[in-house]
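# Overview (structure and organization)
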Amino acid sequence: MADGSSISTPRRSIVVNEFTNSVLDPEQPMLGPLADGGTIIANTAPGCWGPMITPSLRGGHEVTRPVHVDGAEPGDALVVHIRDVTVTSLATSSGHDSSPEGFCLGDPYVAARCPVCDEVWPETHIEGIGPKAVHCDKCGNSVTPFEIVHGYTVTFDPTGAVGLTLPKQAADAIAEDAPNYAALPDNSRQHSILTYAPSDMPGVMVRMRPFMGQLGTCPSIAMPDSHNAGDFGAFLENAPHAYGLTHEEIVAHKTDGHMDIDAVRAGAVLVCPVKVAGGGIYMGDMHAGQGDGEIAGHTMDVAGSVTLQVSVLKEWPIDGPVLFPLTEDLPPMAQPFTAAETAKAQKLATKFGVQKIEETAPVSVIGTAANMNSAIENGLERAAILLGMSVAEVRNRATINGAIEIGRDPGVIQVTFLAPLAKLDAVGLGDIAREQYGL
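Residues numbered from 1 in each chain as written. Predicted model: local features only at pLDDT ≥ 70, side-chain atom pairs only at ≥ 80, totals over all residues. Heavy atoms only, no water.

For the rest of this paragraph, the subject is the overall build of the protein chain. For the protein chain, the helix and strand inventory stands at 10 helices and 20 strands. Over its C-alpha atoms, taken along the principal directions, the protein chain stretches across nearly 80 × 50 × 40 Å. The buried share of the protein chain, reckoned over its 439 residues, is 57%. Sequence separation of at least 24 residues holds for 79% of the intrachain contacts in the protein chain that already meet a minimum separation of 6. (Helix = DSSP H or I, 4+ residues; strand = E, 2+ residues; numbered from the N terminus. Buried < 20%, exposed > 50% of the residue type's maximum accessible area, 1.4 Å probe, protein only. Contact = heavy atoms within 4.5 Å.)

Shown next, in the form of structure tokens:
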């Protein structure tokens, strides 16, 4: 994307209310520049389902226009402190999906088409409610690149604590006023999925625990936003549409901004690789809540407000992100040791002649690939490079002092474990860990 530093003096804060056409393109101008250490405030649009039923959008999500951060260069990282994530939608719909034949060119997320007039990325409009409500402007045909196999409409408690799924009559009433209930941002172009009004499991309570499904930096080649990860990115390999890439291009250019990891929420710190000048920090796909794995393929996509504080970290050694979750989001074995535990270990050290007990801190290294096994290998290799140790040592540390966590099926994982603080210090992460975990 164009270098924002040539446009104006870096600013301490930037308000973002613009969106891409679902493609992250380094040739397009960024917002900014943002000063190193500055704040981004954004009103984000719902991810998955709304863009998925809006054929003119080209990436499966609708993310914010990237922001240039002053001083960020390829090979660096951006340290993102997530200060706030607040749901603004009053309701949403979601569910497990299928893709009807004939409604896309290779990939329904990227190249939806009208099978009647053969228009790719057709402009569409809403007529009525229900799963056939999206119609092609050119020929009037109902365009359904995705269908909900089993779904629900959920409304949220005003305190942001719980939600409740609705019966058909209530779901239909909300569908009639879908943009309002969805709280779509003014510049959003998506149709609200509330229009579909699914109601297959009414009366189910859910907990709200909002987080960002998309948060990261711009890839170094034009890439559909939902495919900026190793698993969804695999769909681009030799694809017949305009955004097809080779496997080598995907690996070289992606930044793994689409993680769907439920720990990427307010209070966490995310370190993102920089592959273009300025980094191009962007966000979207806020979820009201989700269990590990997002096994239905989708969850409760919502609009919301987000506040980030972003700073530059020079000379980042790996090509993917690292997360410092909230303490409560860490696996039990990766929790920092208490003073009582350390005192007991010190007695063992004295008894058996151990000169010094290693100081450690939690870290979560992200791995992505086309399938879960390959994603785990990717995460282990990244962790080994980051900390200057062997993959075998990472495996041992993640086994006795951590866990492999699933972000998203089919291929986003976290290698989370207690790492030597000295190793974290060597790559500029030690103070982040100390602040995050009160060490």
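Still more to cover.
So, on to unusual backbone geometry. Of note, the bond from G32 into P33 is cis; its omega dihedral lies within 30 degrees of zero at 10°. Mapped onto the elements, P33 comes out in strand β3 (residues 31-44). In this model, D409 is joined to P410 through a cis peptide bond whose omega is 20°. As for its position among the elements, P410 is in the loop between β19 (402-408) and β20 (412-420). A positive phi is found at D118, a non-glycine position, where the angle reads about 65°. Tracing the sequence through the fold places D118 in the loop between β6 (91-98) and β7 (124-126). Taking relative accessible area as the criterion, D118 reaches 47% and is therefore assigned partly exposed.

Here the focus is the packing of helix α7 (residues 372-387) against helix α8 (residues 391-400). Contact geometry for α7 and α8: axes closest at 8 Å, N-to-C directions at 105°. With respect to α8, the element α7 is oriented roughly perpendicular. Judged by residue contacts, E377, L380, E381, A383 and A384 of α7 engage V391, V394 and R395 from α8. A per-class count over the contact of α7 with α8 returns 5 nonpolar, no polar and 3 charged. (Axes fitted to C-alpha atoms, helices over the stretch in contact; angles between N-to-C directions. Parallel < 35°, antiparallel > 145°, perpendicular 65-115°, else oblique. Nonpolar A, V, L, I, M, F, W, Y, C, P; charged D, E, K, R; others polar.)

Further remarks concern the sheet that holds strand β10 (residues 162-165). The sheet built from 4 strands is open, its strands ordered β6-β9-β10-β11 with antiparallel pairing. This sheet does not close on itself; its edge strands, each paired only once, are β6 and β11 (205-207). This sheet shows a mean twist of 30° between the axes of neighbouring strands, independent of strand direction. Here strand β9 (residues 147-156) runs beside β10; their pairing, made up of 3 bridges, is antiparallel. For F156, the partnering residue across the bridge sits in β10 and is G163. (Pairing = 2+ DSSP bridges.)

On to the environment of A45. Position of A45 among the secondary structure elements: in the loop between β3 and α1 (49-52). For the pair A45 and V80, spaced 35 residues apart in the sequence, the C-alpha separation amounts to 20 Å.

Under the defined criterion, the tally for this structure stands at 0 disulfides. No disulfide involves C114; its sulfur sits 3.4 Å from the nearest other cysteine sulfur, which is in C139. Among the residues examined, C114 registers a relative accessible area of 0% and is labelled buried. Not engaged in a disulfide, the cysteine C136 finds its nearest cysteine sulfur in C117; these two sulfurs lie 3.7 Å apart. (Disulfide = S-S within 2.5 Å.)

Note that side chains of opposite charge can pair when their charged atoms are close. In this structure the tally under the stated criterion is 21 salt bridges. In this structure, the salt-bridge partner of R265 is D329, at a minimum N-O distance of 2.7 Å. Separated by 64 residues along the polypeptide, R265 in the loop between α5 (247-253) and β14 (269-273) and D329 in the loop between β17 (322-324) and α6 (339-352) bring together distant segments of the chain. Because the salt bridges share partners, they merge into one network encompassing R209, D262, R265, E328 and D329. (Salt bridge = Lys/Arg side-chain N within 4 Å of Asp/Glu carboxyl O.)

Now for α7. An ideal rise of 1.5 Å per residue puts 22 Å on 16 residues; α7 measures up with 23 Å between its terminal C-alpha atoms. Of the residues making up α7, those classed as buried are M372, A375, N378, G379, L380, R382, A383, A384, L386 and L387. The secondary structure elements touched by the buried residues of α7 are β17, β18 (360-368), α8, β19, β20 and α9 (421-426). Looking at where α7 begins, the residue whose side-chain oxygen comes 3.3 Å from the main-chain nitrogen of N373 is N371. (Expected span 1.5 Å × (residues − 1). Polar contact = N/O pair within 3.5 Å; in protein donor to acceptor, adjacent residues only side chain to side chain.)

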